[in-house]
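The primary structure of each chain is shown beneath.
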Amino acid sequence: MSLGVENARLYHKAQEAVRARDEFLSIASHELRTPLTPLHIHFQRLLRKRTGDLEIAPQQLRRVLERCERQVRRLEALIDNLLDVSRISSGRLRLETDTVDLVEVVQDVAGRFAEELSAAGCQLQLQSDATVQGEWDRLRLEQVVTNILGNAIKYGSGKPIEITVENTSAGGRLRIQDYGIGINGEDLNRIFRRFQRAVSSRSYGGLGLGLYITRQIVDAHNGTIRVESQPGVGSVFVVELPRVLQNHAPSNSESGSHLTTVTKNGSRPHASN
Amino acid sequence: MPATEILLVEDDRDVREALAEVLEQEGYLVSVARNGRDAVQHLKQARQMPAAILLDLMMPVMDGWEFWSIQRSTADWCQIPVVIVSADAEAAERMAPHARPALACLRKPIDIDELLGILETVGCGDQGGGGGGGRSVSPTPALPDAK
């Protein structure tokens, strides 16, 4: 009897996993096709040989190529995310720590989002201490800021976004507040898991991996990430990072963290899991 | 003769820009909407109906499915031919049997010549004669392979 119940539970779990995987593959295919579309259109335009339209002014050519490059970068970012998930689950994602100023990281990432912010009608306010330094992995922190800020723009278009970066007694704190669609209470626990999104994939694009990867990176830094949100009011994500990476505590995330940390000189202070 | 108007409903800015440029280069007048709600708004305010609508499906605020159902059930709009342009092949396939008055379901990334060819069959192409809500559309729309 109990074996039967257990089998049914396992069967249900396996079915659920297959369903999540299939849904993910369908979303991933959609996401990869979206930047391919303008890329394809631009190339077709360049290749089209229509009478009287053979010459392309160098300036126009440059503009088209820049747009193509932008799509290539979008594809690259998507593929990086997919690879990160694969790296995290196979334990091949490493942190390369160095002295990093979180304020600088946030300013850099915000600068890269300038165009998107203005297209979305979001005004960005950044409040920060002069510097917030720690022994962190700069590129991974850029990813953290990119993922959270990207979501804030995506789900909070037309509304302001506030970022605070400050020193704490233990290290640094990053706070990103949006006034967008917000997240339901029951979805709050789900959003840091793999392939999970609080919104319908019909409405919003995205792989459903950003916050999962973000959580894994923050965990690897021995930090914490939390979210407070109210539907229709907005969300605030708070990341706290200890100044120095010490022994990595076991992660409490769904699959456990499988990250390895490497200092700049190549030694490995710690390998988890 | 005034340029034939196409309403392009697409949330991705890069896709929107690329499609709009191609269509404008072909002599169309392109109006853009970032989601279904914008498109409804556009149609409500339009003095003349577009000759065709290019419709993405997965969009925030109001997705393409919802827009399409509103459009089909609104007397002044239901005759406007719709070309679905989606990266979701399954959705495009699922829609094909119910596609009337949708003209075609194209999967992203799309082929420009195919799109332009389809627009010409609705009479929005070089032959002219489009506009007026696309009422000259053939009642048996061509449904190219959705794959």
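Computed from a prediction, not measured in an experiment: that's the story for all the values here.

Participant: Before we go on, may I ask you to explain the pairing of strand S7 (residues 234–242) of chain A in this structure?
Facilitator: Along any regular strand the residues' side chains alternate between the sheet's two faces. Residues and elements named next belong to chain A. Among the nine residues of S7, eight are classified as buried, and the element is accordingly described as predominantly covered. Bridging between strand S5 (residues 171–178) and S7 involves eight bridges; their strand directions are antiparallel. Considered in S7, the bridge of Ile176 is made with Phe237. Bridge count for strand S6 (residues 224–230) against S7 is seven bridges, and the pairing is antiparallel. Bridge pairing in S7 links Arg226 to Val238. Here S6 folds back onto S7 in antiparallel fashion, the turn holding three residues, of which Gly232 has a positive phi close to 80 degrees.

Participant: Help me understand the side chain of Gln71(A) in this model?
Facilitator: Within the element layout of this structure, Gln71(A) appears in helix H2 (residues 58–90). Contacts of Gln71(A), omitting those with residues within four sequence positions, involve Pro35(A), Pro38(A), Leu39(A) and Asp14(B).

Participant: Help me out: how do you make sense of the pairing of strand S4 (residues 82–86) of chain B in this one?
Facilitator: Residues and elements named next belong to chain B. Taking burial as the measure, the five residues of S4 include five buried ones, the bulk of the element. Side chains Val82, Ile84 and Ser86 project from S4 onto one buried face, and the interleaved Val83 and Val85 project onto a second face that is buried too. When strand S3 (residues 52–55) meets S4, the two strands line up parallel, connected through three bridges. The residue of S4 that forms the bridge with Leu54 is Val83. With helix H3 (residues 64–72) bridging S3 and the parallel S4, this β-α-β connection has right-handed handedness.

Participant: Even after reading the chapter, I still don't get the sheet that holds S6(A), so can you show me in this structure?
Facilitator: The strands that make up a sheet are held in pairs by hydrogen bonds between backbone atoms, and each pair lies either parallel or antiparallel. Residues and elements named next belong to chain A. A sheet is described by the order of its strands in space; here five strands give the open sequence S2-S4-S5-S7-S6, paired in mixed fashion. Either end of the sheet is taken by a strand with one partner, and the two such strands are strand S2 (124–128) and S6. Ignoring strand direction, the axes of neighbouring strands in this sheet form an average angle of 10 degrees. As judged from the seven bridges shared by strand S4 (residues 161–167) and S5, these two strands associate in the antiparallel manner. When the bridges of S5 are listed, Glu166 appears paired with Arg173. Helix H5 (residues 138–155) contacts S2, S4, S5, S6 and S7 of the sheet and is inclined by roughly 20 degrees relative to S5. Here helix H7 (residues 210–220) sits on the sheet in contact with S6 and S7, set at roughly 140 degrees to S6.

Participant: Even after reading the chapter, I still don't get the side chain of Thr168(A), so can you show me in this structure?
Facilitator: All names here are of chain A. Mapped onto the elements, Thr168 comes out in the loop between S4 and S5. By relative accessible area, which is 17% here, Thr168 ends up buried. Leaving out residues up to four positions away in the same chain, Thr168 has contacts with Arg173, Glu240 and Arg243.

Participant: Just to check I follow, could you spell out the nonpolar core for this structure?
Facilitator: Counting residues in hydrophobic clusters, the biggest one holds 45 residues, and the most contacted among them are Leu102(A), Ile161(A), Ile163(A), Val165(A), Leu174(A), Phe237(A) and Val239(A). Examining the composition of this core, we find that seven residues originate from one element, H5(A), more than from any other. Apart from the residues lying within four places of it in its own chain, the contact partners of Ile163(A) are Val106(A), Leu124(A), Gln125(A), Leu126(A), Gln127(A), Leu149(A), Leu174(A), Arg175(A) and Ile176(A). Grouped together as the second largest cluster of nonpolar side chains are 25 residues, Leu23(B), Val83(B), Val85(B) and Leu119(B) included.

Participant: Which parts of the structure should I look at to understand the interface of chain A and chain B?
Facilitator: Each partner contributes to the interface: chain A provides 27 residues, whereas chain B provides 28 residues. The partner of Arg74(A) in a salt bridge is Asp14(B), with the nearest N and O atoms 2.9 Å apart. Run the count over chain A and chain B and you get twelve residue pairs in polar contact (both at pLDDT 80 or more). At the level of secondary structure, the elements contributing two or more residues to the side of chain A that touches chain B comprise helix H1 (2–47), H2 and helix H4 (114–120) of chain A. Of all the elements, H1(A) adds the most residues to the side of chain A that touches chain B, at twelve residues. For the side of chain A that touches chain B, the class distribution of residues is five nonpolar, eleven polar and eleven charged.

Participant: Before we go on, may I ask you to explain the packing of H2(A) against H7(A) in this structure?
Facilitator: Residue and element names in this part refer to chain A. Their axes nearest at 10 Å, the elements H2 and H7 cross at an angle of 50 degrees. In terms of their interaxial angle, H2 and H7 are classed as oblique. The crossing of H2 and H7 is left-handed. Counting all contacts with H2, which are made through Asn81, Asp84, Val85 and Ile88, the residues of H7 involved are Tyr212, Ile213 and Gln216. Broken down by class, the residue content of the contact of H2 with H7 amounts to four nonpolar, two polar and one charged.

Participant: When you look at the pattern of salt bridges in this model, what are you seeing that I'm missing?
Facilitator: Opposite charge on two side chains permits them to pair, given that their charged atoms come into close proximity. As enumerated under the stated definition, the model contains 25 salt bridges over all chains in all. With a closest N to O distance of 3.0 Å, Asp14(B) and Arg70(A) form a salt bridge. Here Asp14(B) is found in helix H1 (residues 13–25), whereas its partner Arg70(A) is found in helix H2 on a different chain. Given the relative accessible area of 6%, Asp14(B) is considered buried. Residue classification places Arg70(A) among the partly exposed positions, given a relative accessible area of 26%. Shared partners join several salt bridges into a network, and the residues in it are Arg45(A), Arg63(A), Arg67(A), Glu17(B) and Glu21(B).

Participant: How should the confidence of the model for chain B be read in this particular structure?
Facilitator: Caution applies to low-pLDDT parts of the model: their predicted coordinates are not meant to be read in detail. Scored by pLDDT, chain B has a mean of 79; 73% of the residues are at 70 or more. For this predicted complex, the interface score ipTM comes out at 0.75, alongside a pTM of 0.69.

Participant: What am I meant to see in the packing of aromatic side chains here?
Facilitator: To describe a pair of aromatic rings, you give the distance between the ring centres and the angle between the ring planes. The full count for this structure, using the stated rule, is one aromatic pair over all chains. Considering the side-chain rings of Phe192(A) and Phe237(A), the 6.3 Å spacing of their centres and the 80 degrees angle between planes classify their relative orientation as edge-to-face. Of this pair, Phe192(A) sits in the loop between helix H6 (185–188) and H7 while Phe237(A) sits in strand S7, and the two are 45 residues apart along the sequence. No difference in accessibility class separates Phe192(A) from Phe237(A), as the two residues are buried. Geometry around Trp68(B) places Arg72(B) over its ring, the cationic atom sitting 3.9 Å from the centre.

About the cut-offs
Residues numbered from 1 in each chain as written. Chains lettered and ligands numbered in written order. Predicted model: local features only at pLDDT ≥ 70, side-chain atom pairs only at ≥ 80, totals over all residues. Heavy atoms only, no water. Buried < 20%, exposed > 50% of the residue type's maximum accessible area, 1.4 Å probe, protein only. Helix = DSSP H or I, 4+ residues; strand = E, 2+ residues; numbered from the N terminus. Pairing = 2+ DSSP bridges. Contact = heavy atoms within 4.5 Å. Right-handed = clockwise from strand over helix to strand, strands pointing away. Axes fitted to C-alpha atoms, helices over the stretch in contact; angles between N-to-C directions. Core = buried A, V, L, I, M, F, W, Y, C linked by side-chain atoms within 4.5 Å. Salt bridge = Lys/Arg side-chain N within 4 Å of Asp/Glu carboxyl O. Polar contact = N/O pair within 3.5 Å; in protein donor to acceptor, adjacent residues only side chain to side chain. Nonpolar A, V, L, I, M, F, W, Y, C, P; charged D, E, K, R; others polar. Parallel < 35°, antiparallel > 145°, perpendicular 65-115°, else oblique. Left-handed = near helix turned anticlockwise from the far one by under 90°. pLDDT = per-residue confidence, 0-100. Phe/Tyr/Trp six-rings, centres within 6.5 Å; stacked < 30°, edge-to-face > 60°. Lys NZ or Arg CZ within 6 Å of the ring centre and 35° of its normal.

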